[in-house]
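Chains, contacts and geometry: an overview
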Amino acid sequence: DVKVTQSSRYLVKRTGEKVFLECVQDMDHENMFWYRQDPGLGLRLIYFSYDVKMKEKGDIPEGYSVSREKKERFSLILESASTNQTSMYLCASSPRTPNIQYFGAGTRLSVL
Amino acid sequence: EDKVVQSPLSLVVHEGDTVTLNCSYEVTNFRSLLWYKQEKKAPTFLFMLTSSGIEKKSGRLSSILDKKELFSILNITATQTGDSAVYLCAVEAYSGGGADGLTFGKGTHLIIQP
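Figured I'd write up the structure that's included with this text. Model, not experiment: these values are computed from the prediction. Along each chain, residue indices are assigned from 1 in the same order as the chain's sequence is written. The lettering of chains begins at A and the numbering of ligands begins at 1, in the order of writing. Since the coordinates come from a predicted model, pLDDT governs what is reported: local features require at least 70, and pairs of side-chain atoms require 80 or more to be given and counted, while whole-chain, interface and lining totals use all residues. Excluded from the side-chain calculation are hydrogens and water; included are all heavy atoms of the structure.

What follows concerns the nonpolar core. Working definition of a nonpolar core: buried Ala, Val, Leu, Ile, Met, Phe, Trp, Tyr and Cys residues. They are joined through side-chain atoms within 4.5 Å. Each residue is placed in one exposure class: buried if its accessible area under a 1.4 Å probe, protein chains only, is under 20% of its type's maximum, exposed if it is over 50%, and partly exposed if it falls in between. Membership of the largest hydrophobic core comes to 23 residues, with the highest contact counts inside it found for Tyr-25, Leu-33, Trp-35, Tyr-87, Val-91 and Leu-110 of chain B. Within the residue set of this core, elements represented by two or more residues are β3 (19–26), β4 (30–38), β5 (43–49), β7 (61–66), β8 (71–76), β9 (85–93) and β11 (108–113) of chain B. Put simply, DSSP H or I for four residues or longer makes a helix, DSSP E for two residues or longer makes a strand, and each gets a number counted from the N terminus.

Rendered as structure tokens:
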């Protein structure tokens, strides 16, 4: 079974803090993705990576950065958290092909 | 801009009914369409469709893609309370890069009443 593990289920941070969300997959997948999910807006792609040290912007990258130093780990970084980044964050991984993405359980982030 | 529209947004039926969920899309360089089921947490993969007219089936769930009319349907027969979930439709498009993110619809919230 594919396992995608997100380090925290719930996180509460203050405005202006630097926030790290961690994701680890155990299936040796090449591709990894970060989405956020908001009511009425669905899942939206923030960033993705198709190889170690490679990253690509998704549809809503503003205010976020990512890091992929090892194949199994993909980190999402909020440089200076803001209240509009309060959301559910979902990490996913997929093999090079087919691009069937397997999701982690999500991190619910509240920025106060 | 790629677009995925699901309908209905919510649906309440009784156990044993058959339901049909719809997904239409406008995508440049279509590659595949995927269906996911989301209960409390992680979306779980149901189907990937790449070719028109070929039905994919898993138990009481089935799905088909029409690439000419740009839509897909997900059918669930003999529904059970455990089918209650949000069903997500997503489309993959060729980006020319090393990987492709998915564009998701807003989902159909399905409630099965006993």
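For Phe, Tyr and Trp, where Trp contributes only its six-membered ring, two rings pair if their centres lie within 6.5 Å, and the inter-plane angle classes them as stacked under 30 degrees, edge-to-face over 60, or tilted in between. Evaluation of the coordinates by the stated rule reveals 10 aromatic pairs over all chains. Ring centres 5.9 Å apart and planes at 25 degrees place the aromatic pair Phe-33 of chain A and Phe-48 of chain A in the stacked group. Of the two residues, Phe-33 of chain A sits in strand β4 (residues 31–38) while Phe-48 of chain A sits in strand β5 (residues 42–49), which places them 15 residues apart along the sequence. Both residues of the pair, Phe-33 of chain A and Phe-48 of chain A, belong to the buried class. Put simply, the rings of Phe-33, Tyr-35, Phe-48 and Phe-103 of chain A together with Tyr-36, Phe-45 and Phe-104 of chain B touch in pairs and so form one group of aromatic residues.

Here the focus is the layout of surface pockets. Of the volumes computed, that of the largest pocket is approximately 650 Å³. Lining the largest pocket are 29 residues; nearest its centre among them are Asp-59 of chain A together with Glu-1, Asp-2, Thr-103 and Phe-104 of chain B. Of all the secondary-structure elements, those providing two or more residues to the lining of the largest pocket are β5 of chain A together with β1 (3–7), β9 and β10 (102–104) of chain B. Within the lining of the largest pocket, the residues separate by chemical class into 14 nonpolar, six polar and nine charged. The calculated volume of the second largest pocket comes to roughly 530 Å³. Definitions used for this entry: grid spacing 1 Å over protein atoms alone; cavity, a set of points where a 1.4 Å probe fits but cannot get out; pocket, an open set with protein on both sides within 12 Å along at least 5 of 7 lines; lining residue, one with an atom within 4 Å of a point. Forming the walls of the second largest pocket are 23 residues, and the residues nearest its centre are Gln-37 and Pro-39 of chain A together with Gln-38, Val-86 and Lys-106 of chain B. Taken together, the elements giving at least two residues each to the lining of the second largest pocket come down to β4 and β9 (87–94) of chain A together with β9 of chain B. Residue polarity follows a fixed list, in which Ala, Val, Leu, Ile, Met, Phe, Trp, Tyr, Cys and Pro are nonpolar, Asp, Glu, Lys and Arg are charged, and the others, Gly among them, are polar. Split by residue class, the lining of the second largest pocket holds nine nonpolar, eight polar and six charged. Grid points are joined across faces, edges and corners, and a volume is the space filled by probe spheres set on the points.

Another aspect to go through is the environment of Ala-42 of chain B. Counting through the fold element by element, Ala-42 of chain B comes out in the loop between β4 and β5. Along the sequence, Ala-42 of chain B and Thr-77 of chain B sit 35 residues apart, while their C-alpha atoms lie 23 Å from each other. In this description, contact between two residues means that some pair of their heavy atoms is separated by no more than 4.5 Å. Among all residues touching Ala-42 of chain B, those that are not within four sequence positions of it are Phe-103, Gly-104 and Ala-105 of chain A together with Lys-37 of chain B.

This paragraph deals with the interface of chain B and chain A. Taken residue by residue, the interface counts 18 residues in chain B and 21 residues in chain A. The term buried area refers to how much accessible surface (probe radius 1.4 Å) is lost by two components on association, counted for both of them together. Taken over both partners, the interface formed by chain B and chain A buries close to 1600 Å², and the fraction arising from carbon and sulfur atoms is 62%. Put simply, a salt bridge is a Lys or Arg side-chain nitrogen that is within 4 Å of an Asp or Glu carboxyl oxygen. Across the contact surface, chain B and chain A share zero salt bridges. Polar contact is defined as a pair of N or O atoms within 3.5 Å, subject to the rule that within protein one atom must be able to donate a hydrogen and the other to accept it, and that residues adjacent in sequence are counted only when both atoms are side-chain atoms. Counting across the interface, chain B meets chain A through six residue pairs in polar contact (both at pLDDT 80 or more).

This part takes up the pattern of salt bridges. All names here are of chain A. Evaluation of the coordinates by the stated rule reveals nine salt bridges over all chains. As a salt-bridge pair, Arg-36 and Asp-38 come within 2.8 Å of each other at their nearest N and O atoms. By relative accessible area, Arg-36 is classed as buried at 8%. Residue classification places Asp-38 among the buried residues on the basis of a relative accessible area of 10%.

So, on to the side chain of Gln-6 of chain A. Residues and elements named next belong to chain A. Position of Gln-6 among the secondary structure elements: in strand β1 (residues 4–6). Given the relative accessible area of 9%, Gln-6 is considered buried. Separated by 3.0 Å, the side chain of Gln-6 and the backbone oxygen of Tyr-89 make a polar contact. Within polar-contact distance, the side chain of Gln-6 engages the backbone nitrogen of Cys-91 at 3.0 Å. Leave out the neighbours within four places in its chain, and Gln-6 touches Glu-22, Trp-34, Tyr-89, Leu-90, Cys-91, Gly-104, Ala-105, Gly-106 and Thr-107.

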